[in-house]
Structures are given as structure tokens and as C-alpha cells.
Amino acid sequence: MYRSGKIQFLFWTAFFAVFVYLWLVAVGVQTFVLPDEPLAELPQNETTLMFILFGFLILLDLAGTVVAMMIGNRFYTRFFGTMTILVFGTMIASKSYFG
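Rules used throughout
Residues numbered from 1 in each chain as written. Predicted model: local features only at pLDDT ≥ 70, side-chain atom pairs only at ≥ 80, totals over all residues. Heavy atoms only, no water. Helix = DSSP H or I, 4+ residues; strand = E, 2+ residues; numbered from the N terminus. Rg over C-alpha atoms; globule rule 2.2 N^0.38 Å. Buried < 20%, exposed > 50% of the residue type's maximum accessible area, 1.4 Å probe, protein only. Areas by Shrake-Rupley, 256 points an atom, 1.4 Å probe, with all protein chains shown as cover. Core = buried A, V, L, I, M, F, W, Y, C linked by side-chain atoms within 4.5 Å. Phe/Tyr/Trp six-rings, centres within 6.5 Å; stacked < 30°, edge-to-face > 60°. Axes fitted to C-alpha atoms, helices over the stretch in contact; angles between N-to-C directions. Parallel < 35°, antiparallel > 145°, perpendicular 65-115°, else oblique. Left-handed = near helix turned anticlockwise from the far one by under 90°. Nonpolar A, V, L, I, M, F, W, Y, C, P; charged D, E, K, R; others polar. Patch = residues over 30% accessible without salt bridge, like charges linked within 9 Å, V, L, I, M, F, W, Y side chains within 5 Å. Salt bridge = Lys/Arg side-chain N within 4 Å of Asp/Glu carboxyl O.

**Section: the overall build of the protein**
Along its length, the protein carries three helices and zero strands. Mapped in sequence order, the helices and strands of the protein form the string α-α-α. Here the C-alpha radius of gyration of the protein, 16 Å, is well above what a compact globule of 99 residues would show, namely 13 Å. A principal-axis box enclosing the C-alpha atoms of the protein has dimensions of 55 × 25 × 15 Å. Evaluated residue by residue, the protein yields a buried proportion of 28% over its 99 residues. About 7,100 Å² of surface is accessible on the protein, with carbon and sulfur atoms providing 71% of the total.

**What about the nonpolar core?**
Grouped together as the largest cluster of nonpolar side chains are 17 residues, with contacts concentrated most on L24, L57, Y76 and F80. Element by element, the count of residues in this core is highest for helix α1 (residues 5-33), at eight residues.

**Points about the packing of aromatic side chains**
Centre-to-centre distance and the angle between the planes together describe a pair of aromatic rings. One pass over the structure, following the stated rule, counts eight aromatic pairs. Consider the rings of F19 and W23, whose centres lie 6.2 Å apart with planes at 45 degrees: the pair is tilted. Of the two residues, F19 and W23 are both situated in helix α1; the distance of four residues between them amounts to about one turn of the helix. Its relative accessible area of 47% is what places F19 among the partly exposed residues. A network of ring pairs unites the aromatic residues F11, W12, F15 and F16 as a single cluster.

**A closer look at the packing of α1 against helix α2 (residues 44-71)**
Their axes nearest at 9 Å, the elements α1 and α2 cross at an angle of 155 degrees. Relative to α2, the element α1 is oriented roughly antiparallel. Read as a crossing pair, α1 and α2 show a hand that is left-handed. Residues belonging to the contact of α1 with α2 are distributed by class as follows: 21 nonpolar, five polar and three charged.

**Looking at a nonpolar patch on the surface**
A contiguous nonpolar patch, built from F11, W12, F15, F16, F19 and W23 and spanning about 650 Å² of accessible area, is present on the exposed surface. By the secondary structure assignment, W12 is in helix α1.

Shown next, in the form of C-alpha cells:
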């Protein structure tokens, strides 16, 4: 069955948004919540990776939201809206956890 290019774009944007979010959570949990030894200072590489992943995730969410709203697809509009709320909730939770 053939799907339009816009729907395919929304599907793959949603797929990579979920993938990047899970990658971001995994890096954060491994680095800050379950470290092998207590952290003496903030790890520069992991922090930079997390900022880059947050940037990609925000771009994916906003691109998906804009395209879904332009073509009037309610499912993907709700999905990307939920992802955006989840991303900002994760940002607030991590900020409150680390001060």
C-alpha cells in the first residue's frame, strides 16, 4: 500500500523522535543516576551529548508538529504535542534533580 510522502515523513520523524528520546534518557540514567563511582565533577562529553540530543529532539518534534498541522493529521498532531510536553517535562525534571 502506498502512503503519501507527508505521512511517511511524519512516521519517520515520530520514529526518530522516540529513538532520540530513549537514547537521551539512557545516557542521562547511565551517567547521572546509576554511575559506577560518585561523580567528582560534571562529565563534559555526556553533558554535551545530552544538549545535542535535546536540540535534535526539539527540532524533530517541532518539524513533525508543523507538518502534521499543515496537512490536518490529528493523530500525529497529538503525538508530537505529547512528545513536546514530555521533552519539556524531562527538561524540568532533570533541572530539578540536578539543581
